[in-house]
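Understanding the architecture of this molecule
Okay, here's what each chain looks like letter by letter:
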Amino acid sequence: MRTDLNVSTNAVSINSALVLVRTPFQAWLVERVLEAEKVATYDLLYFTQNDSTEDRFYYGRLAENARAARFVFVERQARDLLNHFRLALRAWPFLRGKQYDMTMLASIDSYVLNAIASRNAAGELVTFDDGTANFNREGVYFREAPSRKARLYRQGFRASSINSIKARITRHYTIHADLENIVGGDRLFSITGWRYTKLEADSNQRPKVFFIGAPFKETLDPEQIKLLETHALQIGINVYVRHPREREPLSLGVPLLNKHGRIAEEAILDNAAGRPIVLVGFLSSVMFNLAFCADRRIVLVPRGSERHAYLIELARQSGCEIVLFERPGDVDGR
């Protein structure tokens, strides 16, 4: 069963909720979830390791209506344990002595946020999409790391296993009702995503081509990044949409999109101003989120990438054009 959020899901308003946010996209989405859940009062804990303009913009929008709010910026540490520990030190004092009817979050794999949502004082658990993680069945939300390190982290921070926390979810909100998610059946609720109306006067213009940036160094090796750059140059790009975690944009010789603090989806549609749109880039959630807005979506991925095989197939099924690139001399892309 999929329920459209034009119909209220709750008969009465929630008196007190805790909202846990980790990305600008989550902040955009949770605004709509708060409305659907008829939340009267909420506290906000916004955690980021980027402290980007987008983080500040959406934090400010959510904090404006919050009873209490805290922005937690933890700079990335070489030792992963320190990242979680510093977040815990900043988060727990904010929560001391507070009890909620509901806790809302997306990042169920974050040990600290998971632990906060697992407390008795957390109330019922309502979740919402966290980019492609929610429908990538090869990802951590479906295949939790079985390592000793992961078990020690869960125990140390008092976090639940991914399967345990998924079982506790009362409702999950998604903008991709056509894709399998972390819950199913009557626990899955649909939020209307982005739509785009082309202006009649601009319908005959050449499309505006947006390159969707990403933190490529987290996923691809230097040679793969260079090959992706080469393919993008061959296609021809008009505007570069930089990712908040992207430290070094590719050399495409085009201007960076001024997003004015907004997430890529909103900024792209505003900048296009009614012109047809073409999106080019890697396996970004933007490619899925703007499926009903773009004339073409061209996804550039390394040939033979088993790590991304499931997402590549989902992208193909959603109507993306998949362009496989490979190193010269590779056999079957391996």
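Residues numbered from 1 in each chain as written. Predicted model: local features only at pLDDT ≥ 70, side-chain atom pairs only at ≥ 80, totals over all residues. Heavy atoms only, no water.

1. Overview of the nonpolar core
- Membership of the largest hydrophobic core comes to 80 residues, with the highest contact counts inside it found for Met104, Phe211, Phe216, Ile268 and Leu279.
- Here the element with the most residues in this core is helix H1 (residues 24-36); it accounts for 8 residues.
- Not counting the four nearest positions on each side in its chain, Met104 is found in contact with Ala17, Leu18, Val19, Leu20, Val30, Val33, Leu34, Glu37, Val39, Val126 and Phe128.
- Counting 33 residues, the second largest nonpolar core, distinct from the first, contains Ala91, Leu105, Phe142 and Ile162. (Core = buried A, V, L, I, M, F, W, Y, C linked by side-chain atoms within 4.5 Å. Buried < 20%, exposed > 50% of the residue type's maximum accessible area, 1.4 Å probe, protein only. Helix = DSSP H or I, 4+ residues; strand = E, 2+ residues; numbered from the N terminus. Contact = heavy atoms within 4.5 Å.)

2. Regarding the pattern of salt bridges
- Counted under the stated rule, the structure contains 19 salt bridges.
- Ionic pairing is found between Glu37 and Arg171, a salt bridge with its closest N-O pair at 2.7 Å. Taken as a pair, Glu37 in the loop between H1 and strand S3 (42-48) and Arg171 in strand S7 (residues 169-174) lie far apart in primary sequence, 134 residues in all. Each member of the pair, Glu37 as well as Arg171, is classed as buried.
- With its nearest N and O atoms 2.8 Å apart, the salt bridge here joins Arg56 to Asp51.
- Looking at Asp51, the relative accessible area reads 29%, which means it is partly exposed.
- Members of the salt-bridge network, linked through shared partners, are Glu31, Arg32 and Arg61. (Salt bridge = Lys/Arg side-chain N within 4 Å of Asp/Glu carboxyl O.)

3. Some thoughts on the confidence of the model for the chain
- For the chain, mean pLDDT is 90; residues scoring 70 or higher make up 91% of the total.
- This model gives residues 1-8 a pLDDT under 50, and the stretch forms 18 contacts once residues within four places in sequence are excluded. (pLDDT = per-residue confidence, 0-100.)

4. Focus on the packing of aromatic side chains
- Per the counting criterion, the structure on display carries 12 aromatic pairs.
- Residues Tyr46 and Tyr59 carry aromatic rings whose centres are separated by 6.0 Å and whose planes lie at 85 degrees to one another, so their mutual orientation is edge-to-face. Pair noted here: Tyr46 is in strand S3 and Tyr59 is in helix H2 (residues 53-63), with a separation of 13 residues, a long-range link.
- We classify Tyr46 as buried; its relative accessible area is 0%.
- Seen in terms of ring centroids, Phe211 and Tyr240 are 5.1 Å apart; in terms of plane orientation they differ by 55 degrees. Their pairing is tilted. (Phe/Tyr/Trp six-rings, centres within 6.5 Å; stacked < 30°, edge-to-face > 60°.)

5. Side note on the packing of helix H3 (residues 80-95) against helix H5 (residues 148-157)
- Viewed as axis vectors pointing N to C, H3 and H5 meet at an angle of 15 degrees, and their least axial separation amounts to 12 Å. Of the possible angle classes, the one that applies to H3 and H5 is roughly parallel. Judged by the twist between their axes, the crossing of H3 over H5 is right-handed. Of H5, the residues touching H3 (which contributes Asp80, Leu81, His84, Phe85 and Ala88) are Lys149, Tyr153 and Phe157.
- Its residues assigned to classes, the contact of H3 with H5 comprises 5 nonpolar, 1 polar and 2 charged. (Axes fitted to C-alpha atoms, helices over the stretch in contact; angles between N-to-C directions. Parallel < 35°, antiparallel > 145°, perpendicular 65-115°, else oblique. Left-handed = near helix turned anticlockwise from the far one by under 90°. Nonpolar A, V, L, I, M, F, W, Y, C, P; charged D, E, K, R; others polar.)

6. Notes on helix H10 (residues 309-317)
- When H10 is considered as a whole, its buried residues turn out to be Leu311, Ile312, Leu314 and Ala315. Angular distribution of buried residues about the axis of H10 spans 160 degrees; they occupy a single face of the element.
- Contact partners of the buried residues in H10: helix H9 (285-289), strand S12 (296-302) and strand S13 (321-325).
- Looking one or two residues beyond H10, the residue adopting positive phi is Gly319, at roughly 105 degrees. (Arc of directions from axis to C-beta.)

7. Regarding the sheet that holds S13
- On the basis of which strands lie adjacent, the open sheet formed by 5 strands has the order S10-S9-S11-S12-S13 and parallel pairing. Lying at the two open borders of the sheet, with one neighbouring strand each, are strand S10 (239-241) and S13. Taken over all neighbouring pairs, the strand axes of this sheet differ in orientation by 25 degrees on average, direction set aside.
- Bridge count between strand S11 (residues 277-281) and S12: 4 bridges; the pairing is parallel. Bridging across to S12, Gly281 finds its partner in Val299. (Pairing = 2+ DSSP bridges.)

8. Description of unusual backbone geometry
- Despite not being glycine, Asp51 shows a phi value in the positive range, around 50 degrees.
- Inspection of the secondary structure assignment puts Asp51 in the loop between S3 and H2.

9. Describing the side chain of Glu229
- The topology assignment puts Glu229 in helix H7 (residues 222-235).
- Look at Glu229 and you get buried, because its relative accessible area is 9%.
- Sequence-distant contacts of Glu229, defined by excluding residues within four places in its chain, comprise Leu250, Ser251 and Leu252.

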